[in-house]
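A look at the structure
Below, each chain spelled out in residue letters.
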Amino acid sequence: MTLLNLDGYTDLPQGKIAAVVTYLEMKERPAALPAEPLPLRAVPAPDLAWYRRLYARIGLDWLWTSRLLMTDAEVAAVLHHPANALFVAEDGSDAIGIVELDRRTPEDVEISFFGLVPGATGQGLGPRMMAAALGQAWQPETRRVWLHTCTLDHPGAVSFYRRCGFTPYKRAIEVMDDPRLTGAIPREAAPRVPLI
């Protein structure tokens, strides 16, 4: 069996971007939460336009695009699925953060999206929102809670998740069309990632 040598550099085709993805997991309910839980409101069947606006507000600078590229029917199938749970953190009547849990495999819960709007970061809300997310994720049947982040995300994401009790267990390379070049999102999104 010949193994591919993965050391070194690999050119990307024009219009593509790449990220190193880190997968993290928690295999037992934490004895202590990372902070006092931030109240979250469940949104069982969100309006798709509202959801996409909040998703973009939180994620465009980190090149979150998966839900923006899906059709309405595809997004509704995920968000309205009974095993998918969406929660929002609020400041008054304004949603400032989202936590999305995928419980399709009840013993293996994925935190599929976790984020705060730009104006809410740096105020200690992240650990509080994660404490609330873990409270929702860990049910009697849960054996593992996991998530993933990548190098296009906030540079402190992996260390934040580790402080919250997650352990890295795998890495992958994600290659995709640069959504700024396809017109899916504004060209000025994520200015720290060069357009090539």
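Residues numbered from 1 in each chain as written. Predicted model: local features only at pLDDT ≥ 70, side-chain atom pairs only at ≥ 80, totals over all residues. Heavy atoms only, no water.

**Notes on the nonpolar core**
Here is the rule: The set of buried Ala, Val, Leu, Ile, Met, Phe, Trp, Tyr and Cys residues whose side-chain atoms join them within 4.5 Å is what this entry labels a nonpolar core. Only protein chains enter the accessibility calculation, which uses a 1.4 Å probe; a residue is then buried when its area is under 20% of its type maximum, exposed when over 50%, and partly exposed in between. Secondary structure elements follow DSSP: runs of H or I no shorter than four residues count as helices, runs of E no shorter than two count as strands, and numbering proceeds from the N terminus. Contact definition: two residues touch when any of their heavy atoms are within 4.5 Å.
Within the largest apolar cluster, 44 residues are counted, with the highest numbers of intra-cluster contacts made by F114, M130, Y161 and F166. For this core, the leading source of residues is helix 4 (residues 125–137), giving six residues. Not counting chain neighbours up to four residues away, the residues in contact with M130 comprise P34, I111, F114, L147, F160, Y161, C164 and F166. A19, V21, A56 and A189 belong to the second-largest nonpolar core, a separate cluster that totals 15 residues.

**Observations regarding the side chain of T65**
Position of T65 among the secondary structure elements: in the loop between helix 1 (48–59) and helix 2 (66–69). Exposure remark for T65: the relative accessible area of 5% places this residue in the buried category. If we skip the residues at most four places from it in the chain, T65 touches Y55, M176, P179 and I185.

**With respect to the packing of aromatic side chains**
Selection criterion: Only rings of Phe, Tyr and Trp enter the pairing, Trp through its six-membered ring, and a pair is recorded when the two centres are within 6.5 Å. The plane angle decides the type: under 30 degrees is stacked, over 60 is edge-to-face, the rest tilted. By the criterion adopted, a ring carries a charge over it if an Arg CZ or a Lys NZ lies within 6 Å of its centre and within 35 degrees of its normal.
Across all of its chains, the model carries ten aromatic pairs by this definition. With a centroid separation of 5.8 Å and 35° between ring planes, the pair formed by Y51 and Y55 is classed as tilted. Placement of both Y51 and Y55 in helix 1 is noted, with a separation of four residues, approximately one turn of the helix. On the basis of an interplanar angle of 50° and a centroid distance of 5.4 Å, the ring pair of Y55 and W64 is categorised as tilted. When sorted by exposure, Y55 lands in the same class as W64, which is buried. Put simply, the rings of Y51, Y55, W64 and F113 touch in pairs and so form one group of aromatic residues. A cation over a ring is seen here: K170 above Y23, with NZ or CZ 4.4 Å from the ring centre.

**Quick word on unusual backbone geometry**
The phi torsion at L63 lies on the positive side, around 60°, for a residue other than glycine. The residue L63 is located in the loop between helix 1 and helix 2 in this model. What makes L63 buried here is its relative accessible area of 5%. A positive phi is found at A190, a non-glycine position, where the angle reads about 50°. Mapping A190 onto the fold places it in the segment after helix 6 (179–182). Residue classification places A190 among the buried residues on the basis of a relative accessible area of 0%.

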